[in-house]
Structures are given as structure tokens and as C-alpha cells.
Amino acid sequence: MKIKFCGAARCVTGSCHLVNANGKNILLDCGMRQGADKKTELGEGEFPFDAASIDAVLLSHAHIDHSGLLPLLVKKGFKGKVITTKATAELSGIMLPDSGHIQESDAEYQNRKNMRAGKPLVEPLYTMKDVEETLKRFSPVSYGQVVTVAEGVTARFNDIGHLLGSAAIELWAEEEGKTTKLVFSGDIGRSDRPIICDPKQVQGADYLIIEGTYGDRNHQESSDEAKEAELISVLKMGIARGGNIVIPSFAVGRTQELLYYIKRLLLKNAVPGLEKVPVYIDSPLGINATNVYRSCAEGYYDEEARAIAKSDSPFEFDTLRIARTADESKLINAEKGCNIIISSSGMCDAGRIRHHLKHNLFRADSTVVFSGYQAVGTLGRILLDGAKKVKLFGESIFVNAAIERIEGFSGHAGRDELIRWIEGIGNKPNCIFLVHGEEEALASYEKAVKALGYRVEVPSLLEEYTVFGGTCCTSPQEAPAPVAKQLEEAHHVAKLQAEAARLGVLIEHTDWESDASAEMLAGILEADIRTLVDKWENILRQ
């Protein structure tokens with residue numbers, strides 16, 4: 001068996017791992033690269049393999065950083081099945097069309113600019129037609145069902161508690177009379193979350209690919225009561241400030257969880273005045289996802305949510321408002337007083353949330369609440385890192401609003417939860433591969449797991465491993481020198497490109513016109529960059 005790490009390697013987004021087993025090529029996820037991750041050598045839309053050579057895709061869950069390049073895979077020639085759970089298939093049925101619409105709209109907008117500038121036209125990454133062809137290839141399965149992926153290769157999906165329908169995937173491959181079991185964790189959720197069930201423990205693995213988004217730290221709040229208290233505190237503060245409470249939220253999963261908690265707080269009268277505050281869902285995708293959540297109670301809800309769903313919707317209350325159209329969205333910012341606005345995208349890189357930030361960031365009475373992970377290079381991360389000004393729609397916006405973070409709502413397990421899940425496997429896997437995390441987080445995570453006596457590898461992008469029996473051969477140490485050198489160079493290039501992307505984001509969000517020191521700073525920065533480039537050129541000439 002060979003495993004090639006084609007995404008989410010030493011970074012968070014773009015989950016995509018190529019497994020060659022019994023002569024078949026199987027992808028674990030096919031996710032979109034977001035934020036700075038789009039600046040790797042693969043860019044936004046390249047694969048380091050022939051799409052037509054892929055026999056099947058096993059999809060862990062519907063989030064776009066795990067599913068978002070499936071239509072591109074189909075566009076480039078993939079003809080196989082996408083095997084996943086029923087709930088993931090239903091959520092993908094609304095998320096991928098939404099992504100396809102964004103790709104077409106972004107290309108149309110760019111082409112209007114290019115035509116005026118006399119530049120070549122661009123094509124969308126993929127179209128709605130590609131999405132339609134992709135959705136035809138989905139093959140839904142149930143949790144716990146053993147399915148045949150290809151000759152000699154079987155799989156089973158287990159509830160991992162991250163999102164409705166999310167799964168850890170067990171993969172068995174028979175090769176030369178021996179069965180090897182590979183486990184892919186997908187994104188591991190957290191216990192004691194509302195609506196969905198707690199993560200299920202997988203038993204036994206020869207090799208393990210596991211996420212490490214929070215591999216370097218634990219969440220400060222973990223219990224249901226603590227998370228509720230955290231939300232109560234932020235809502236009380238926002239209502240007291242008097243302005244809007246803007247919550248950038250992932251349309252699928254986080255939006256439904258927030259609605260669930262707000263309804264509970266209203267029933268308990270836990271936040272004085274909350275009953276008078278309109279709560280807007282301003283995300284067409286979030287609205288559609290909530291409808292999918294309503295229809296998937298059986299087999300996916302936890303006991304408490306099932307009990308509520310028997311008599312009432314877990315997501316509806318009197319002050320809930322729905323903004324379906326763009327005109328309805330615009331009217332929200334004309335409303336007086338305090339309003340809660342839940343809008344996507346969760347990392348503020350696209351969607352209606354950017355308009356709400358434009359209208360609220362400069363207001364000292366407003367509050368912006370982040371309830372999920374913010375990747376490097378995204379507007380959400382820039383705001384959390386303390387930016388005083390940002391640029392939105394070509395306009396510099398001062399940040400006067402309160403910027404708050406409620407970490408207890410993260411859908412990813414913290415370090416200790418991840419380690420407990422590893423230990424719960426039972427036997428010690430021959431090797432554990434850490435993916436889906438920033439380099440610093442994975443380095444800390446690696447030390448913690450190694451300290452428990454496990455063999456650990458942190459793959460670089462495009463790194464390939466051959467696994468057999470109790471051994472694990474990695475190209476850099478054991479492959480011929482030219483291959484090792486090529487992989488090492490690819491790793492260095494990826495790191496350099498990531499740093500260049502960070503620099504680009506900083507330059508983009510600097511207000512060169514109104515900052516009194518901008519001219520001096522620009523001169524220093526330009527001189528430093530020129531010196532660096534000169535040195536690089538001199539090295540290359542030697």
C-alpha cells in the first residue's frame with residue numbers, strides 16, 4: 001500500500017490523500033485549498049495525479065475543505081463513485097452547488113475587469129454542470145456498513161461527531177495474501193456537543209492518518225454547560241453595547257449549533273433582553289443546511305435533539321428572521337438597535353458576512369463574535385490577530401467593534417481529546433501520520449504523541465510512503481537520493497510560498513493612503529525585499 005499526501009499536509013485545508021491499494025487508486029477526501037493554502041505549488045486547481053486514474057473517493061464529510069474540489073476532479077476525468085454517508089451526500093447536494101455558483105460568479109466578475117483592462121479571460125475552476133455530474137456519482141452508505149470499494153478493498157464509515165454525517169473511515173486492503181488496515185480520522189469532533197452524537201471510537205489500525213488542527217492546545221471550555229456560559233457572557237456584553245452582534249459562521253454545522261443554543265437560552269430566559277433581539281440567518285446555504293438538519297434526525301441526532309425534534313424544531317423560535325434574498329440581506333443593516341446576524345462564510349473570505357463587517361466593524365457599539373477556526377491568510381484570522389484596519393470592497397475600514405472569540409464552539413477535538421482517541425484504538429499502529437494542521441501545531445502534537453511511544457510522521461505536501469507489514473518506508477530517508485532531494489525541495493518551496501502569501505495579505509490590508517507612516521514603511525519594506533531578491537539572484541548565479 002502506498003499513501004501520497006496531496007493536501008492538508010503541514011497546513012489545514014485541502015484534505016486529499018491518495019491511497020494505492022491492490023492496484024487501485026483511492027482518494028480520501030478531495031478538498032478545496034483556502035486562505036494561504038491556495039499559494040502552494042498546486043495552486044487552487046491542480047492535482048498531482050491523473051484524475052481519470054482515480055477509482056473511487058471516500059469522503060469523510062461535507063465541509064468544502066474536504067469536498068470542494070470533487071467537481072474539478074470530475075471535470076478532469078474522474079468516472080468513479082464518491083462513497084460517503086447519506087447525511088454527507090445530502091449536505092454536499094447543497095454545498096457543492098453553492099460552491100459552483102461562487103466559482104462562476106467570481107470568474108464572471110474577473111472577466112468584466114479583464115475585458116476593461118484588455119487582459120485574457122479566465123475560466124471558473126468548475127461550473128454548475130460539473131457539480132451536477134459530480135452529485136450523480138455519490139453513493140450513500142450507512143454508519144457501520146462494510147462496503148466494497150474495489151476488488152480486495154473494503155471500507156466502513158464510523159460516526160466521528162464533527163458534523164452531521166461526518167465519519168472516520170476504516171479501509172482494509174488485501175495484498176499478496178495479507179490484509180492491511182488503514183484508518184483515516186477525518187475531522188474528529190468533541191464530546192458533549194448538541195444535536196449530533198459523540199465521536200465513536202475505532203478499534204484497531206495498522207496505520208493511522210489523523211487530523212491535528214488543535215494538536216498544540218486544548219479548548220478552554222469543553223462541557224456543554226461551559227460552552228453555554230461562554231455564549232451567555234458574549235451575548236450579554238453585546239446587548240449591553242447596544243449595537244449589532246455579528247457572528248461569522250460556517251453555514252453547515254456551526255449555524256445550526258448556534259440556533260440550537262440560542263433557542264435553549266430563550267427557553268431558560270438566561271440572557272435578559274435576548275427575547276427582544278431579532279436573530280437573522282443571512283446565508284442561503286445556511287438556510288438550506290438547516291432544512292437538511294431537520295430531515296436527518298433519525299440515525300444522526302443525539303438523544304436530547306431527538307427528543308426535541310419529536311415535538312418541535314430544535315432550530316426555530318419567535319425572534320428568528322430569515323434573509324433569503326440579497327435585498328433582504330441589505331435591509332438588515334438598516335435595522336436600528338441590536339440585532340444578531342449569523343452569516344457566512346465562517347472565515348470571512350467570501351459571502352454576505354463581508355458586507356455586514358463593512359457596515360459594523362467601524363462602529364464602537366458593535367460586536368463581532370468568532371466561533372470557529374480561522375485559517376492563516378483569511379480575513380477572520382487577521383481580525384482575531386488584532387488588525388486596526390482592514391480592506392473590504394476596496395475601502396479601508398477601521399476596526400472599532402469589539403472582537404470576541406468563543407472557542408468552546410469549535411468542532412475539532414483539542415490535543416488531549418485527540419490523544420485519547422489515538423489511545424482508544426487499542427493496539428499501537430505501526431505508524432501515525434499527522435495532517436490537517438499548521439506546522440507549529442503539528443510539531444507540538446508530534447512531540448506529545450511520540451512521548452507515548454508511537455512512531456509518528458508529519459508528511460510534507462506530495463510526500464509518498466510505502467507501508468507494508470510492520471514497516472513504513474518514507475521517500476526522504478529511504479528512497480533513492482534524487483527522489484529524496486525532490487521532495488525536500490518541494491517542502492522548502494511550499495514553506496517559502498506560504499510566507500510569501502502572508503506577506504501579500506499584510507500588504508493588501510495596509511492602508512497606504514491614510515497611514516501617516518505608510519511612505520516610510522513602504523520604503524523600508526521595499527528595500528528589505530529588494531535586498532533579499534538580490535541575495536537570492538547572487539546565489540543562483542554562483
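All values reported here derive from a predicted model rather than from experimental measurement.

Conventions and cut-offs
- Residues numbered from 1 in each chain as written.
- Predicted model: local features only at pLDDT ≥ 70, side-chain atom pairs only at ≥ 80, totals over all residues.
- Heavy atoms only, no water.
- Core = buried A, V, L, I, M, F, W, Y, C linked by side-chain atoms within 4.5 Å.
- Buried < 20%, exposed > 50% of the residue type's maximum accessible area, 1.4 Å probe, protein only.
- Helix = DSSP H or I, 4+ residues; strand = E, 2+ residues; numbered from the N terminus.
- Contact = heavy atoms within 4.5 Å.
- Salt bridge = Lys/Arg side-chain N within 4 Å of Asp/Glu carboxyl O.

S.K.: Sorry, what's going on with the nonpolar core here?
M.R.: Across soluble globular proteins, nonpolar side chains show a tendency to be buried alongside one another. Counting 73 residues, the largest nonpolar core has L73, L91 and L164 as its most contacted members. If you list the elements that add at least two residues to this core, you get helix 2 (70–75), helix 3 (86–117), helix 5 (224–241), strand 12 (245–248), helix 6 (254–268), strand 13 (279–282), helix 7 (284–295) and strand 15 (340–343). If near-sequence neighbours (up to four positions away) are discounted, L73 is found in contact with L27, C30, F47, F49, A51, V57 and F78. V141, V153, F157 and L171 belong to the second largest nonpolar core, which has 35 residues in total.

S.K.: I would appreciate a short explanation of the pattern of salt bridges in the present structure.
M.R.: Oppositely charged side chains can form a pair if their charged atoms are brought close together. Scanning the entire structure with this criterion turns up 24 salt bridges. Linking R10 and E439 is a salt bridge whose minimum nitrogen-to-oxygen distance equals 3.3 Å. Highlighted residues: R10 in the loop between strand 1 (2–5) and strand 2 (17–21) and E439 in helix 13 (residues 439–450), separated in sequence by 429 residues. Accessibility expressed as a relative area gives 26% for R10, which makes it partly exposed.

S.K.: Looking at this structure, I do not really get unusual backbone geometry. What am I missing?
M.R.: Where the residue is not glycine, phi is negative for most of them; where a peptide bond is considered, it is trans in most cases. Here the bond from S344 into S345 is cis, since omega is 15°, no more than 30 degrees from zero. Checked against the element boundaries, S345 lands in the loop between strand 15 and helix 10 (353–360). Even without being a glycine, D29 presents a positive backbone phi close to 70°. You can see D29 is positioned in the loop between strand 3 (24–28) and strand 4 (56–58). Unusually for a residue other than glycine, I195 sits at a positive phi of about 75°. Here I195 lies in the loop between strand 10 (178–184) and strand 11 (207–211). Overall, I195 belongs to the buried group, its relative accessible area being 3%.

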